[in-house]
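Understanding the architecture of this molecule
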Number of protein chains: 2
Amino acid sequence: MSLLVVGSVAFDAIETPFGKTDKIIGGAATYISLSSSYFNKKVNLVAVVGGDFPKTDIEMLQKHGVNTEGLQIKENEKSFFWSGKYHNDMNSRDTLITELNVLGSFDPIIPESYQNCDYLMLGNLAPSVQRTVIERMKKRPKLIVMDTMNFWMDIAWDDLMKTISMVDVLSINDEEARLLSKEYSLVKAAKKIMAMGPKILIIKKGEHGALLFNQKQVFFAPALPLEEVFDPTGAGDTFAGGFIGYIAKTGDISFQNMKRAIIYGSAMASFCVEKFGTERIMNLSEKELDERVQDFVDLVQFEVNI
Amino acid sequence: MSLLVVGSVAFDAIETPFGKTDKIIGGAATYISLSSSYFNKKVNLVAVVGGDFPKTDIEMLQKHGVNTEGLQIKENEKSFFWSGKYHNDMNSRDTLITELNVLGSFDPIIPESYQNCDYLMLGNLAPSVQRTVIERMKKRPKLIVMDTMNFWMDIAWDDLMKTISMVDVLSINDEEARLLSKEYSLVKAAKKIMAMGPKILIIKKGEHGALLFNQKQVFFAPALPLEEVFDPTGAGDTFAGGFIGYIAKTGDISFQNMKRAIIYGSAMASFCVEKFGTERIMNLSEKELDERVQDFVDLVQFEVNI
């Protein structure tokens with residue numbers, strides 16, 4: 001079924017202990033769209049770039065089946081640009097440059113042809129912009145998934161609360177869950193956050209996997225233990241893209257199916273970190289994906305006779 | 001089948017954000033013995049205490065089926081004493097007091113009746129003492145599991161290497177694995193450590209679960225997400241006790257069965273942290289344990305059609 005993805009499409013410049021890149025394609029919606037395209041070929045993108053954004057990158061998205069009708073191109077402006085440097089442990093990074101550019105005045109216009117999308121994935125953006133998207137949908141999607149970050153908790157709390165109250169699934173990392181709930185225990189944090197609106201909460205723990213909560217159940221998806229994490233940029237968005245892509249493909253929003261979706265999201269994220277930027281997730285085969293999902297099965301499956 | 005447990009039996013005084021205890025029973029071999037007693041009633045203890053150690057605590061161990069014939073009581077000396085204070089996040093602690101006392105001159109004498117033990121669990125002790133135990137076994141046990149800690153990596157490297165080379169399974173935490181291997185990636189660390197001798201490596205990650213490696217496979221057991229961690233003292237030893245206890249009960253040292261053993265160990269550890277010291281794992285019912293293992297099944301099991 002059809003999926004609407006809203007978020008940044010941007011330039012990233014990344015430095016890790018393994019090397020550095022010039023400006024390459026990045027942005028939450030880029031990773032989400034690419035990742036979800038492995039499951040579902042009805043990916044509709046709403047985003048904004050400047051005149052400096054290469055046509056070849058837009059064509060690359062299109063080749064993956066991403067509908068770019070909703071991608072606004074502001075010819076006389078510059079694309080959003082982020083530059084960061086990862087520390088040796090790959091778990092922390094310094095932001096070197098953030099240039100909002102076109103993103104500063106982003107007005108998310110939803111093309112008429114997107115209006116009946118069944119699934120909505122809100123990549124990290126100002127919560128007021130995310131809310132505008134929800135308000136502009138004439139028919140409420142079957143499932144709205146929202147990603148956000150600590151930045152908005154610091155500077156736009158009330159806006160964030162309003163938007164969070166309107167979504168079905170919130171996806172944040174452990175640090176953000178603690179900040180949002182003011183609870184250290186993630187179980188307590190999850191209860192408080194679900195009381196803010198979302199029926200489902202995903203807490204991403206990076207190399208320690210991810211937790212999926214509803215009011216009654218909890219599911220844990222591990223991260224695949226890897227020899228080398230080459231570049232973590234976009235891993236969270238790739239995870240979200242795999243999650244919503246799998247759900248849009250199957251059209252099943254049961255908790256049972258969300259467990260599978262989380263595993264597919266984790267598999268996609270495990271590819272993402274193997275190379276710089278989107279490089280690895282631009283070129284995946286179905287066979288590779290199946291084998292990777294089997295690695296997750298082997299990693300956690302056991303049998304007990306209770 | 002019969003199990004030999006060697007390690008400290010001691011006094012602990014614990015302070016957490018939830019309260020503090022006076023001197024209570026602690027020590028690696030106490031937690032290991034108690035935990036393994038839920039699976040296997042042939043637990044043979046080798047340890048040393050001072051004349052200050054309460055008879056009631058020894059009787060408590062005996063009531064759990066622990067054979068204390070190998071528990072030396074040095075009437076005119078004092079028991080090993082450790083005191084620590086946990087920080088608010090429960091992930092780090094300060095050691096306030098360490099009094100080695102009887103442990104400083106511990107000579108691990110193996111009673112004749114213990115000589116045919118099938119399984120040997122070496123709780124954290126000086127690696128030279130652990131090695132003495134192995135050397136004093138007339139028949140090599142079917143499986144030797146060793147726990148150790150960063151302290152010995154700092155002050156007794158050569159001794160540690162010698163002992164590690166003699167065991168089948170090494171159990172350490174993530175920080176210790178990195179210290180021992182000089183690798184940040186746990187996958188790389190595991191390869192290096194298994195090259196030191198052990199065919200199996202367990203890397204404990206506290207609230208982030210545990211990894212089980214052999215040369216070809218890796219298995220991940222999550223920690224149960226808990227509302228409250230009351231006191232983490234002894235959780236690692238309780239985990240090890242559940243692991244070796246389950247293996248001794250089943251008599252099966254296949255990787256497949258070790259996966260189950262790790263889950264049982266994780267279940268035991270999840271009980272341990274619910275109350276101070278050994279309080280919770282002194283009073284567990286079979287039903288509680290079965291329900292907890294089912295919680296682990298529910299937490300990670302999923303079905304995919306690849």
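Right, let's walk through the structure included here. Please read these numbers as outputs of a predicted model, since none were measured by experiment.

On to the overall build of chain A. Each helix and strand in chain A was counted, giving 10 helices and 14 strands. Computed over the C-alpha atoms, the radius of gyration of chain A is 18 Å, within 12% of the 19 Å expected from 2.2 N^0.38 for a compact globule of 306 residues. Along the three orthogonal principal directions, the C-alpha set of chain A runs to about 65 × 45 × 35 Å. Within chain A, buried positions represent 48% of all 306 residues. The contacts in chain A between residues at least 6 apart in sequence include a share of 67% that link residues at least 24 apart.

On to the interface of chain A and chain B, then. How big an interface is tends to be stated in terms of accessible area lost as the parts join. At the junction of the two partners, chain A supplies 28 residues and chain B supplies 28 residues. The set of elements that each furnish at least two residues to the side of chain A that touches chain B consists of α7 (186-194), β14 (218-221), α9 (255-272) and α10 (286-300) of chain A. Of the residues in the side of chain A that touches chain B, the class split is 18 nonpolar, 3 polar and 7 charged.

Turning next to the sheet that holds strand β11 (residues 169-173) of chain A. Residues and elements named next belong to chain A. Judged by pairing direction, the sheet is mixed, and its 9 strands sit side by side in the order β6-β5-β1-β9-β10-β11-β12-β13-β14 without closing on themselves. At either end of the open sheet lies a strand with only one pairing partner, and these are β6 (66-74) and β14. In this sheet, neighbouring strand axes are inclined to one another by 15° on average, regardless of whether the strands run parallel or antiparallel. Note: strand β10 (residues 143-147) against β11, 3 bridges, orientation parallel. Paired with Val145 across the bridge in β11 is Val169. Here helix α2 (residues 55-63) sits on the sheet in contact with β5 (43-50) and β6, set at roughly 160° to β6. Packed on one face of the sheet, helix α6 (residues 174-181) meets β11 and β12 (200-204) and runs near 110° to β11.

The next point concerns the relation of the copies chain A and chain B. Placing chain A over chain B gives an RMSD of 0.0 Å and needs a rotation angle of 180°, together with 0.0 Å of translation along the axis. These values place the two chain copies in the arrangement generated by a two-fold rotation axis. Comparing interface residues between copies, 100% of those in chain A also lie at the interface in chain B; the contact surface is shared.

This part is about unusual backbone geometry. Look at Asn101 of chain A: it is not a glycine, yet its phi comes out positive at around 50°. Among the secondary structure elements, Asn101 of chain A is positioned in the loop between β8 (93-99) and β9 (119-122).

This part takes up the packing of helix α1 (residues 28-36) of chain A against helix α8 (residues 235-250) of chain A. All names here are of chain A. Packing of α1 against α8 brings their axes to within 7 Å, and their N-to-C directions diverge by 40°. When the axes of α1 and α8 are compared, the pair comes out oblique. Crossing angle aside, the handedness with which α1 passes α8 is right-handed. Contact residues: α1 offers Ala28, Tyr31, Ile32, Ser33, Leu34, Ser35 and Ser36, while α8 offers Asp237, Thr238, Ala240, Gly241, Gly242, Ile244, Gly245 and Ala248. Considering only residue class, the contact of α1 with α8 consists of 7 nonpolar, 7 polar and 1 charged.

This paragraph deals with the pairing of β14 of chain A. Residue and element names in this part refer to chain A. In this sheet, β14 lies alongside strand β13 (residues 210-213) in antiparallel orientation, the contact comprising 4 bridges. Note on β14: the bridge partner recorded for Leu211 is Phe220. Connecting β13 to the antiparallel partner β14 that follows it, the hairpin turn spans 4 residues.

Residue and element names in this part refer to chain B. Strand order across the open sheet formed by 9 strands is β6-β5-β1-β9-β10-β11-β12-β13-β14, with mixed pairing between neighbours. In the strand order of this sheet, the two ends are held by β6 (66-74) and β14 (218-221), each with one partner. Taken pair by pair, the neighbouring strands of this sheet meet at an average axis angle of 15°, ignoring direction. Each of β1 (3-6), β5 (43-50), β6, β9 (119-122) and β10 (143-147) touches helix α1 (residues 28-36); the most contacted strand, β1, lies at about 155° to it.

So, on to α1 of chain B. Side chains of residues three or four places apart in an α-helix project in the same direction, reflecting 3.6 residues per turn. Among the 9 residues in α1 of chain B, 9 count as buried, and that is most of the element. Burial in α1 of chain B covers these residues: Ala28, Ala29, Thr30, Tyr31, Ile32, Ser33, Leu34, Ser35 and Ser36 of chain B.

Below, the discussion takes up the environment of Ser8 of chain B. All names here are of chain B. Structurally, Ser8 can be placed in the loop between β1 and β2 (10-16). In this structure the C-alpha to C-alpha distance between Ser8 and Arg280, which are 272 residues apart in sequence, comes to 19 Å. Apart from residues no more than four positions distant in its own chain, Ser8 is found in contact with Gly27, Ala28, Ala29, Ala47, Phe80, Leu103, Gly123 and Leu125.

Residue and element names in this part refer to chain A. The N-to-C vectors of α8 and α9 enclose an angle of 140°; their axes lie 7 Å apart at closest approach. Put simply, α8 runs oblique to α9. Crossing of α8 over α9 shows right-handed handedness. Only Asn257, Met258, Arg260, Ala261, Ile262, Tyr264, Gly265, Ser266, Ala267, Met268, Ala269 and Cys272 of α9 make contact with α8, whose side of the interface consists of Ala235, Thr238, Phe239, Ala240, Gly241, Gly242, Phe243, Tyr246, Ile247 and Thr250.

Of all hydrophobic cores here, the largest spans 193 residues; its most connected members are Tyr119, Met121 and Val145 of chain A together with Tyr119, Met121 and Val145 of chain B. For Met121 of chain A, the contacting residues outside a window of four places in its chain are Leu3, Val5, Ile32, Val145, Ala240 and Ile244 of chain A.

Residues and elements named next belong to chain B. In this structure, Glu183 sits in the loop between α6 (174-181) and α7 (186-194). Separated by 33 residues in the primary sequence, Glu183 and Lys216 place their C-alpha atoms 19 Å from one another. If sequence neighbours within four positions are ignored, Glu183 has contacts with Arg178, Lys188, Ala189 and Lys192.

Our next topic: the pairing of strand β13 (residues 210-213) of chain B. Residue and element names in this part refer to chain B. Burial along β13 is two-sided: the face carrying Ala210 and Leu212 and the face carrying Leu211 and Phe213 are both buried. Bridge count for strand β12 (residues 200-204) against β13 is 4 bridges, and the pairing is antiparallel. Bridging from a neighbouring strand, Leu201 pairs with Phe213 of β13. The hairpin turn running from β12 into β13, its antiparallel successor, is 5 residues long, and Gly206 in that turn takes a positive phi close to 60°.

Between the first and last C-alpha of helix α9 (residues 255-272) of chain B there are 25 Å, a value that for 18 residues agrees with the 26 Å anticipated at 1.5 Å per step. Burial analysis of α9 of chain B places 14 of its 18 residues in the buried class, the great majority of the element.

The subject of this paragraph is the environment of Asp168 of chain B. Residues and elements named next belong to chain B. Relative to the helices and strands, Asp168 is located in the loop between α5 (157-164) and β11 (169-173). What makes Asp168 partly exposed here is the crowd of 18 C-beta atoms within 10 Å. Residues Asp168 and Val304, spaced 136 residues apart in sequence, show a C-alpha to C-alpha distance of 34 Å.

About the criteria used
- Residues numbered from 1 in each chain as written.
- Chains lettered and ligands numbered in written order.
- Predicted model: local features only at pLDDT ≥ 70, side-chain atom pairs only at ≥ 80, totals over all residues.
- Helix = DSSP H or I, 4+ residues; strand = E, 2+ residues; numbered from the N terminus.
- Rg over C-alpha atoms; globule rule 2.2 N^0.38 Å.
- Buried ≥ 20, exposed ≤ 12 C-beta atoms within 10 Å, placed from the backbone.
- Contact = placed C-beta atoms within 7 Å.
- Nonpolar A, V, L, I, M, F, W, Y, C, P; charged D, E, K, R; others polar.
- Pairing = 2+ DSSP bridges.
- Axes fitted to C-alpha atoms, helices over the stretch in contact; angles between N-to-C directions.
- Least-squares fit on C-alpha atoms with pLDDT ≥ 70 in both.
- Parallel < 35°, antiparallel > 145°, perpendicular 65-115°, else oblique.
- Left-handed = near helix turned anticlockwise from the far one by under 90°.
- Core = buried A, V, L, I, M, F, W, Y, C linked by C-beta atoms within 7 Å.
- Expected span 1.5 Å × (residues − 1).

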